[in-house]
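# Structure assessment
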Number of protein chains: 2
Amino acid sequence: MSMRIAFIGLGVMGYPMAGHLKKAGHTVCVYNRTTLKAERWVDRFGGMFVSTPAEAAVGADLVITCVGNDDDLRSVIEGPAGVLCGMQPGALLVDHTTASASITRELATLARVHEYDFLDAPVSGGQQGAENGTLTIMCGGRQESFERARPVLSCYAKAVQLMGDSGAGQLTKMVNQICVAGVVQGLAEGMAFAESAGLDPHQVINAVSQGAAGSWQMTHRHDTMIRGEYDHGFAVDWMRKDLDICLREAADNGCELPLTELVNEFYREIQRMGGGRWDTSSLLKRLQARRVRH
Amino acid sequence: MSMRIAFIGLGVMGYPMAGHLKKAGHTVCVYNRTTLKAERWVDRFGGMFVSTPAEAAVGADLVITCVGNDDDLRSVIEGPAGVLCGMQPGALLVDHTTASASITRELATLARVHEYDFLDAPVSGGQQGAENGTLTIMCGGRQESFERARPVLSCYAKAVQLMGDSGAGQLTKMVNQICVAGVVQGLAEGMAFAESAGLDPHQVINAVSQGAAGSWQMTHRHDTMIRGEYDHGFAVDWMRKDLDICLREAADNGCELPLTELVNEFYREIQRMGGGRWDTSSLLKRLQARRVRH
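Residues numbered from 1 in each chain as written. Chains lettered and ligands numbered in written order. Predicted model: local features only at pLDDT ≥ 70, side-chain atom pairs only at ≥ 80, totals over all residues. Heavy atoms only, no water.

### Quick word on the overall build of chain A
- Per the secondary structure count, chain A includes 14 helices and 9 strands.
- Radius of gyration (C-alpha) of chain A: 20 Å, near the 19 Å computed for a compact globule of 294 residues.
- Dimensions of chain A along its principal axes, counting C-alpha atoms only, are 65 × 45 × 35 Å.
- Within chain A, the fraction of its 294 residues that count as buried is 58%.
- Restricting to contacts in chain A with at least 6 residues of sequence separation, those with at least 24 account for 64%. (Helix = DSSP H or I, 4+ residues; strand = E, 2+ residues; numbered from the N terminus. Rg over C-alpha atoms; globule rule 2.2 N^0.38 Å. Buried < 20%, exposed > 50% of the residue type's maximum accessible area, 1.4 Å probe, protein only. Contact = heavy atoms within 4.5 Å.)

### Observations concerning the domain arrangement of chain A
All names here are of chain A.
- Domain boundaries in chain A define domain 1 (4–164) and domain 2 (172–293).
- On a C-alpha basis, the centres of domain 1 and domain 2 stand 30 Å from each other.
- The interface formed by domain 1 and domain 2 holds 1 salt bridge in total.
- In this structure, the connection of domain 1 to domain 2 is made through 4 residue pairs in polar contact (both at pLDDT 80 or more).
- For the side of domain 1 that touches domain 2, the secondary structure elements donating two or more residues are α6 (101–114) and β7 (123–124).
- For the side of domain 1 that touches domain 2, the class distribution of residues is 7 nonpolar, 5 polar and 1 charged. (Domains from an automatic or database assignment. Salt bridge = Lys/Arg side-chain N within 4 Å of Asp/Glu carboxyl O. Polar contact = N/O pair within 3.5 Å; in protein donor to acceptor, adjacent residues only side chain to side chain. Nonpolar A, V, L, I, M, F, W, Y, C, P; charged D, E, K, R; others polar.)

### Quick word on unusual backbone geometry
All names here are of chain A.
- Phi at Ala81 is positive, roughly 60°, even though this residue is not glycine.
- Relative to the helices and strands, Ala81 resides in the loop between α4 (70–78) and α5 (83–86).
- Relative accessible area serves as the criterion here: at 29%, Ala81 is assigned to the partly exposed category.

### Some details on the environment of Gly9(B)
Residues and elements named next belong to chain B.
- Mapping Gly9 onto the fold places it in the loop between β1 (4–8) and α1 (14–23).
- When its relative accessible area of 8% is taken as the criterion, Gly9 is described as buried.
- Spatially, the C-alpha atom of Gly9 lies 9.1 Å from that of Val76, the residues being 67 residues apart in sequence.
- What Gly9 contacts, discounting residues up to four positions off in sequence, is Gly14, Tyr15, Tyr31, Asn32, Cys66 and Val67.

### A few points about helix α13 (residues 258–272) of chain B
All names here are of chain B.
- Here α13 spans 22 Å end to end across 15 residues, near enough to the 21 Å set by a 1.5 Å rise per residue.
- Those residues of α13 that sit buried are Pro258, Leu259, Thr260, Val263, Asn264, Phe266, Tyr267 and Ile270.
- Within two residues after α13, Gly274 carries a phi angle of roughly 90°, on the positive side. (Expected span 1.5 Å × (residues − 1).)

### Some thoughts on the packing of aromatic side chains
All names here are of chain A.
- Per the stated rule, a full pass over the model turns up 6 aromatic pairs over all chains.
- When the centroid spacing of 6.1 Å and the interplanar angle of 65° are considered together, the rings of Tyr15 and Phe45 count as edge-to-face. Taken together, the positions of Tyr15 in helix α1 (residues 14–23) and Phe45 in helix α2 (residues 35–45) put the pair 30 residues apart, joining distant regions of the chain.
- Judged by relative accessible area, which is 14%, Tyr15 ranks as buried.
- Relative to Phe45, the ring of Trp41 has its centre 5.2 Å away and its plane inclined at 40°; by these criteria the two rings are tilted. Taken together, the residues Trp41 and Phe45, both in helix α2 and 4 residues apart, mark about one turn of the helix. Residue Trp41 shares its accessibility class with Phe45, and that shared class is buried. (Phe/Tyr/Trp six-rings, centres within 6.5 Å; stacked < 30°, edge-to-face > 60°.)

### Section: the packing of α1(B) against helix α2 (residues 35–45) of chain B
Residue and element names in this part refer to chain B.
- Running from N to C, α1 and α2 cross one another at 35°; their axes reach a closest spacing of 11 Å. The crossing of α1 and α2 is right-handed. Of α2, the residues touching α1 (which contributes Tyr15, Ala18, Gly19, Lys22 and Lys23) are Lys37, Arg40, Trp41, Arg44 and Phe45.
- Residues that form the contact of α1 with α2 fall into these classes: 4 nonpolar, 1 polar and 5 charged. (Axes fitted to C-alpha atoms, helices over the stretch in contact; angles between N-to-C directions. Left-handed = near helix turned anticlockwise from the far one by under 90°.)

### Some details on the relation of the copies chain A and chain B
- Least-squares fitting of chain A to chain B yields an RMSD of 0.0 Å, with the transformation described by 0.0 Å of translation along the axis and a rotation of 180°. Interpreted geometrically, this transformation is the action of a two-fold axis.
- The overlap is high: 100% of the interface residues of chain A also sit at the interface in chain B, so the same surface is used on both sides. (Least-squares fit on C-alpha atoms with pLDDT ≥ 70 in both.)

### Some details on the side chain of His26(B)
Residue and element names in this part refer to chain B.
- In this structure, His26 sits in the loop between α1 and β2 (27–31).
- Among the polar contacts made by the side chain of His26, one reaches the main-chain amide nitrogen of Met3 at a distance of 3.0 Å.
- Excluding residues that lie within four positions of it along the chain, His26 makes contacts with Met1, Ser2, Met3, Ile5, Leu21, Val152 and Cys155.

### Things to note about the pattern of salt bridges
Residue and element names in this part refer to chain B.
- Applying the stated criterion to the full structure yields 38 salt bridges over all chains.
- Note that Arg33 is salt-bridged to Asp72, the shortest N-O span being 3.6 Å. Residue Arg33 is found in the loop between β2 and α2, and its partner Asp72 is found in helix α4 (residues 70–78); the two are separated by 39 residues along the sequence.
- Overall, the relative accessible area of 68% leaves Arg33 in the exposed class.
- The shortest N-O distance in the salt bridge between Asp237 and Arg277 comes to 3.9 Å. One end of the pair, Asp237, is in helix α12 (residues 236–252); the other, Arg277, is in the loop between α13 and α14 (283–292), and 40 residues separate them in sequence.
- What makes Arg277 exposed here is its relative accessible area of 52%.

### Observations concerning the interface of chain A and chain B
- With 58 residues of chain A at the contact, the number on the chain B side is 58 residues.
- The contact between chain A and chain B buries some 4900 Å² in all, and 67% of this surface belongs to carbon and sulfur atoms.
- Per-residue buried area on chain A facing chain B is highest for Glu189(A), Phe193(A) and Glu256(A); these three make up 14% of the total on that side.
- Summed over the shared surface of chain A and chain B, the number is 2 salt bridges.
- Of the charged contacts in the structure, one is a salt bridge between Glu256(B) and Arg290(A), with a shortest N-O distance of 2.7 Å.
- The tally of links from chain A across to chain B stands at 16 residue pairs in polar contact (both at pLDDT 80 or more).
- For the side of chain A that touches chain B, the secondary-structure elements that each account for two or more residues are β8 (135–140), β9 (157–164), α9 (168–196), α10 (201–208), α11 (216–227), α12 (236–252), α13 (258–272) and α14 (283–292) of chain A.
- Looking at the side of chain A that touches chain B element by element, the count peaks at 20 residues for α9(A). (Buried area = accessible area lost by both parts, 1.4 Å probe.)

The following block contains the structure:
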């Protein structure tokens, strides 16, 4: 069934995601802070663009947001000419931003007051997953809202799951990021150790990657790590934002995350090294820089 | 080609490994500190047992050691009635113990002096890998020694690789343990977070295990972690020994391993909790215990 969809935020993720919706036959109206990008999107996919989130939301059955952080989200939803000014009661708001649990609760409250549906729905799978339509989407909200959104989200996801009530999607994404932090720092230490011991890193990874030390990160990142290439993948700046959210939420729940704290600190150092845009696997580069100083 | 093999050490790993050699048609003579176990092995597989490592080594083409740690290794090789007293020049010594780089260098020196071949060959794959004959073996030594040992080691391994000169097998095993430490602590923090946030841990793992957070540990250990079962797998006491070796070697090479140090500290706490025999995934139990205190 074709729907009228407003898509807010055409970043590296949102741009191809909105494209998949248009290709699937939905009526898509896009908004992006930088208008040039919205124009380019319409040139490529058709559909239309508008100059405020409110205009995009008018008449839409479904409003999708995919922006950078809590502040951006507050601005496009609650700000002047934000989504709230245009959205009709009964419509559904789906947010793909990796955001804090607190803004998610705030948006859920607004949804109740303004009588629309809301689903927090952060994604994993990165830019490649967005382009190939193979993202994983972790949702929080009511079962009916989820059933309503599922067919649309499936246009760019290989897995769409309801994790629980409002906020559960964000919390699941946080678990993902915490696990990634441990895997990547362990891998970086293993590779730094191999290098310092004079081993051939390719041969080492080949020997250990099929067993108990194996991970997605080891399989997909060791090659670029060995070459010292970090101009791709998931940026340190984004990871810092996500880990800050994890640590705040964990503190609220009385849960200690000592490794996550440590790795967040290391990413802060990488930002100071000028590596805010580097891939998260650049934890190896930090260790190498420290070894040189010895 | 059938060989005369001495097998020293019938622990949870050595017992089934020596069995595979006998089943493959080799002439196997075993030694174990506890004689009862050697008797039981002979009852099951045939072959013969002797009461000292020296007797086992007499006339053997290949002597294989698989014991607990550096001290055990020194004792069965250099001690009174040790392997050195019986081993003939030109024979090959293969050591499967996960041991330090320093004792490996010591054994390599002895091998040169006494004119026998030596291969350090720690394994990964655990008890199950030893029983099913699907271990991974990481070897260090000369190419000729490796070629000599390979057909025999293949009786209980799915992968046998030469990693470099003497010690390179041990160093590769250390990389493996370092990576495991990061993966397991990250996973434990992720699962503790999920629990503290009220998520269904099974559903969360299902949502994140196919992507960037995925790992062997996540796939193979989450179920027992959720159930709080730790009476299986690779024991904390053994991991402590291995991580101590890693940290000493890294310090010698000017390589920092902050996460490995931290996790080693956590395992020390688990030992104090009485969990020396628990599986390494019990890092979750430590986090849960700390949360309860809040």
